[in-house]
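As a plain string of letters, each chain reads:
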Amino acid sequence: QVQLVESGGGLVQAGGSLRLSCAASGRTYSMYSMGWFRQAPGKERAFVAAISWIGGSTYYADSVKGRFAISRDNAKNMVYLQMNSLLPEDTAVYYCAARVGSVTYEVPSWAYWGQGTQVTVSS
C-alpha cells in the first residue's frame, strides 16, 4: 500500500512556474513507478509525466515536453513536478499516482492516487 499527498498547487500567471510535490508513504516506495496526471473541468483525467522506479527514466505528454520536469527523491519518498512556462490550458487538478512495475500512460493501470492539488493559470 502507498499513500500519496500532493502539495504546491496554486494560482499563477501565464508564463510563470510552479513546483508540485508528492509525499509518499509505504515501505517499498522505491519500487513504484510514479506519475502525474491532470483533470480539467469537463475532461477526462490525462497523463502528464512519469518516472520509472528503476533507472529513473522519464516520460512526458507531448503537451508538456520541454516545459515540465518530473523527478524523484527515493531517500525522502518524494516526487516532484517542476512546471515552467505555464499556459492557461495547463489549468487542472493535478494528481500524483503510483503503480508497481513499469510506466504506462493508461489511467486505470495506476493503483494508487493522491487527493489532487489545483493549478490555475491565468491569462
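One can find the structure itself at the top, above this paragraph.
What comes next concerns the included structure. What you see is a predicted model, and the numbers here were worked out from it, not measured in a lab.

Thresholds, definitions, all that
- Residues numbered from 1 in each chain as written.
- Predicted model: local features only at pLDDT ≥ 70, side-chain atom pairs only at ≥ 80, totals over all residues.
- Heavy atoms only, no water.
- Core = buried A, V, L, I, M, F, W, Y, C linked by side-chain atoms within 4.5 Å.
- Buried < 20%, exposed > 50% of the residue type's maximum accessible area, 1.4 Å probe, protein only.
- Helix = DSSP H or I, 4+ residues; strand = E, 2+ residues; numbered from the N terminus.
- Contact = heavy atoms within 4.5 Å.
- Polar contact = N/O pair within 3.5 Å; in protein donor to acceptor, adjacent residues only side chain to side chain.
- Pairing = 2+ DSSP bridges.
- Axes fitted to C-alpha atoms, helices over the stretch in contact; angles between N-to-C directions.
- Patch = residues over 30% accessible without salt bridge, like charges linked within 9 Å, V, L, I, M, F, W, Y side chains within 5 Å.
- Areas by Shrake-Rupley, 256 points an atom, 1.4 Å probe, with all protein chains shown as cover.
- Salt bridge = Lys/Arg side-chain N within 4 Å of Asp/Glu carboxyl O.

### Observations concerning the nonpolar core
- Core analysis: the largest hydrophobic core is formed by 36 residues, its most contacted members being Leu 4, Met 34, Trp 36, Leu 81, Met 83 and Tyr 94.
- Among the secondary structure elements, those contributing two or more residues to this core are strand S3 (18-25), strand S4 (32-39), strand S5 (46-51), strand S7 (68-73), strand S8 (78-83), strand S9 (92-100) and strand S11 (117-122).
- Those residues within four positions of Leu 4 in sequence are excluded, and the remaining contacts are Cys 22, Ala 23, Ala 24, Met 34, Cys 96, Ala 97, Ala 98, Tyr 112, Trp 113, Gly 114 and Gln 115.

### Focus: the side chain of Thr 117
- Relative to the helices and strands, Thr 117 is located in strand S11.
- In contact with Thr 117, not counting residues within four places along its chain, are Glu 6, Ser 7, Gly 8, Gly 9, Leu 20, Ala 92, Val 93 and Tyr 94.

### Side note on the environment of Tyr 94
- Positionally, Tyr 94 belongs in strand S9.
- For Tyr 94, a relative accessible area of 0% translates into the label buried.
- Setting aside residues up to four positions removed in sequence, Tyr 94 forms contacts with Glu 6, Leu 20, Trp 36, Phe 37, Arg 38, Val 48, Phe 68, Leu 81, Met 83, Gly 116, Thr 117 and Val 119.
- A distance of 2.6 Å separates a polar atom in the side chain of Tyr 94 from the backbone oxygen of Asp 90.

### Some words on the sheet that holds S7
- One open sheet accounts for four strands, arranged S1-S3-S8-S7; its pairing is antiparallel. Whereas interior strands pair on both sides, the edge strands pair on one side only; in this sheet they are strand S1 (3-7) and S7. When strand polarity is set aside, the average angle formed by the axes of neighbouring strands in this sheet is 15°.
- As judged from the six bridges shared by S3 and S8, these two strands associate in the antiparallel manner.

### Quick notes on a nonpolar patch on the surface
- Judged by side-chain polarity, Met 31, Trp 53 and Ile 54 come together as a nonpolar surface patch covering roughly 290 Å² of accessible area.
- On the secondary structure map, Met 31 appears in the loop between S3 and S4.

### What about unusual backbone geometry?
- You will see that Asn 77, though not glycine, has its phi angle at about 55°, which is positive.
- Looking at where Asn 77 falls in the secondary structure, it is placed in the loop between S7 and S8.
- With relative accessibility at 22%, the residue Asn 77 sits in the partly exposed group.
- Of note, Ser 85 is a non-glycine position whose phi angle comes to about 50°, a positive value.
- Looking at where Ser 85 falls in the secondary structure, it is placed in the loop between S8 and S9.
- For Ser 85, a relative accessible area of 40% translates into the label partly exposed.

### Some details on the side chain of Arg 38
- Mapped onto the fold, Arg 38 is located in strand S4.
- Arg 38 sits in the buried class, given a relative accessible area of 13%.
- A polar contact of 2.9 Å, which involves the side chain of Arg 38, links it to the side chain of Asp 90.
- Reaching out from Arg 38, the side chain makes a polar contact with the side chain of Tyr 94 at a distance of 2.9 Å.
- With residues near it in sequence (within four places) discarded, Arg 38 still touches Glu 44, Arg 45, Ala 46, Val 48, Ser 63, Val 64, Phe 68, Glu 89, Asp 90, Ala 92, Val 93 and Tyr 94.

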